Amino acid sequence: MNSETELAPAVKSILEAARERSGPDGRVSIEARSLPAAIERAAAAGRDPVIAEVKPTSPTAEGTRDDDPAELARAMVEGGAAGISVLTEPTHFDGSPDALTRVREAVDVPVVRKDFVLEQSQLDVVEADLVLLIARFVDDLAGLLEAARERGFQALVEVHDRDELETALEAGATIIGINNRDLARLEVDLETFESVAPHVPEAVTLIAESGVSAPADVRRMREAGADALLIGSAIMDHGAGETDVTANTQRLTQATAER
Ligand SMILES: O=P(O)(O)OC[C@@H](O)[C@@H](O)c1c[nH]c2ccccc12
């Protein structure tokens, strides 16, 4: 793992909490819904492929939404979401494995488990179609990726710069997310995606993560090579803005069509 000295205090505390959560003894075994296929279906239907995120709160959010996660996910799919991401991290995002289970029962699109998975047993906490692995935080990415695949998960490997991209590719990642949010300062810069994306091989399913808040951002990320967008805050809207997640999702999935 890279040095933690540069991480934002909130991120350090998230990692400390994650190290203390161990998984169960038994292994999950999953028949995953394919994310690349769902992305292709959305694009073929003329929508911008969006993975909408059920994120009750976050260290950078202004408030908390305690809506039923299954209802939120259904509303997102109604707005055209190609996939759903669910925070299962309990201490800083108000997420839970149970929320993910209920979401996966409520919708038929692929569901991503968003958490800080650091070791193999943590994979067995809950069934999901994809599991997020954050290159920067995982010691043995190839080993964890293999362990995820053995259980039937697809893995979404998150990177933030070219070095992490190399690590992800060497480990065999085929679905990669470039996080526009810098985990040292928690600031978002869409240029991150634009600078790393050109180095990603064509065969990889490439996702732009974080900071996509308006249709123009969706178009910008798509032009830079994103096959799909992972969008949380702009859809959940923790502040005083538009709280209709179906409308919020629709606006972003129609970004290219309505230009
Ligand atoms: O709310 P945003 O800016 O649309 O971002 C969503 C998603 O990218 C973000 O929640 C995220 C990206 N990587 C993470 C890792 C852990 C927790 C959360 C995340």
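First things first, this report covers the structure right here in the doc. Keep in mind it's a predicted model, so treat the numbers as computed, not measured.

**Description of the overall build of the protein chain**
Here is step 1: Tallying secondary structure elements over the protein chain gives 11 helices and 8 strands in all.
Here is step 2: Whereas a compact globule of 259 residues would reach a radius of gyration of roughly 18 Å, the protein chain reaches 17 Å, a difference of no more than 12%.
Here is step 3: The principal-axis extents of the C-alpha atoms in the protein chain amount to approximately 45 × 40 × 35 Å.
Here is step 4: Here the protein chain holds 259 residues, and the buried ones make up 54% of them.
Here is step 5: Summarising the internal contacts of the protein chain: among those between residues at least 6 apart in sequence, 66% fall at separations of at least 24.

**Let's talk about the site of the ligand**
Here is step 1: Taken together, 17 residues form the shell around the ligand, and within it Glu53, Glu158, Ser210, Gly232 and Ser233 come nearest.
Here is step 2: Measuring from a nitrogen atom of the ligand, one finds a side-chain N or O atom of glutamate 209 at 3.5 Å.
Here is step 3: Within the side chain of serine 210, one N or O atom sits 2.7 Å away from an oxygen atom of the ligand.
Here is step 4: For the ligand, the protein covers 94% of the area, taking 440 Å² as the surface of the free molecule.
Here is step 5: Elements represented by at least two residues in the shell around the ligand include exactly β4 (130–134) and β8 (228–231).

**Points about the packing of helix α3 (residues 69–78) against helix α11 (residues 245–253)**
Here is step 1: With their axes 7 Å apart at the nearest point, α3 and α11 run at an angle of 35 degrees to one another. For the crossing formed where α3 meets α11, the hand is right-handed. Residues Leu72, Ala75, Met76 and Glu78 of α3 pack against Val245, Thr246 and Thr249 of α11.
Here is step 2: When its residues are assigned to classes, the contact of α3 with α11 shows 4 nonpolar, 2 polar and 1 charged.

**Some words on the nonpolar core**
Here is step 1: Core analysis: the biggest nonpolar cluster contains 61 residues, and Met76, Ile84 and Ile231 have the highest contact counts within it.
Here is step 2: Among the elements that take part in this core, helix α6 (residues 141–150) stands out by supplying 5 residues, more than any other.
Here is step 3: Not counting residues up to four positions away in its chain, the partners in contact with isoleucine 84 are Ile51, Ala52, Val54, Ala73, Met76, Val77, Val103, Val107, Val109, Pro110, Val111 and Val112.
Here is step 4: Within the second largest apolar cluster, 25 residues are counted, among which are Leu7, Ala8, Val112 and Phe116.

**As for the side chain of threonine 253**
Here is step 1: Looking at the secondary structure, you find threonine 253 in helix α11.
Here is step 2: In this view, threonine 253 contacts Gly46, Arg47, Asp48, Val50, Gly79, Gly80 and Ala81; residues no more than four positions away in its chain are not counted.

**What to know about the sheet that holds β8**
Here is step 1: Here we have 8 strands rolled up into a closed barrel, ordered β1-β2-β3-β4-β5-β6-β7-β8, and parallel in their pairing. Across this sheet, the average inter-strand angle for adjacent strands is 25 degrees, counted without regard to direction.
Here is step 2: Bridge count between β4 and strand β5 (residues 154–159): 5 bridges; the pairing is parallel. Looking at β5, one finds that isoleucine 134 is bridged to glutamate 158.
Here is step 3: Contacts from helix α7 (residues 162–170) reach β5 and β6 (175–179) within the one sheet, and its direction differs from that of β5 by about 160 degrees.

The rules we used
- Within every chain, residues take consecutive numbers counted from 1 along the sequence as written.
- Selection of residues for local features in this predicted model requires a pLDDT of at least 70, selection of side-chain atom pairs for listing and counting requires 80 or more, and totals for whole chains, interfaces and linings are taken over all residues.
- For side-chain calculations, the full set of non-hydrogen atoms in the structure is used, while hydrogens and water are omitted.
- Only DSSP runs of H or I reaching four residues or more are called helices, and only runs of E reaching two or more are called strands; each is numbered from the N terminus.
- As a reference, a globule follows 2.2 Å times the number of residues to the power 0.38, and the radius of gyration itself is taken over C-alpha atoms.
- Per-residue accessibility, obtained with a 1.4 Å probe over protein chains only, is compared with the maximum for each type, and a residue is labelled buried under 20%, exposed over 50%, and partly exposed between these values.
- Throughout, a residue-residue contact means that at least one pair of heavy atoms, one from each residue, lies within 4.5 Å.
- We call a residue near a given molecule or strand whenever any one of its heavy atoms falls within 4 Å of it.
- Here a polar contact is taken to be a pair of N or O atoms separated by no more than 3.5 Å, where protein atoms must pair a possible hydrogen donor with a possible acceptor and residues adjacent in sequence count only if both atoms sit in side chains.
- Under the convention used here, a 1.4 Å probe and the Shrake-Rupley method define accessible areas, while residue burial counts only the protein chains that appear.
- Lines are fitted to the C-alpha atoms to define the axes, a helix being fitted only along its stretch in contact, and any angle between axes, read from their N-to-C directions, falls within 0 to 180 degrees.
- For any pair of crossing helices, the crossing counts as left-handed if the nearer helix is rotated counterclockwise from the farther one by less than a right angle, and right-handed if it is rotated clockwise.
- Residues are grouped as follows: Ala, Val, Leu, Ile, Met, Phe, Trp, Tyr, Cys and Pro are nonpolar; Asp, Glu, Lys and Arg are charged; all remaining types, including Gly, are polar.
- Side-chain atoms within 4.5 Å link the members of a nonpolar core, which is a set of buried Ala, Val, Leu, Ile, Met, Phe, Trp, Tyr and Cys residues.
- By definition, two strands form a pair when at least two bridges between them are found by DSSP.

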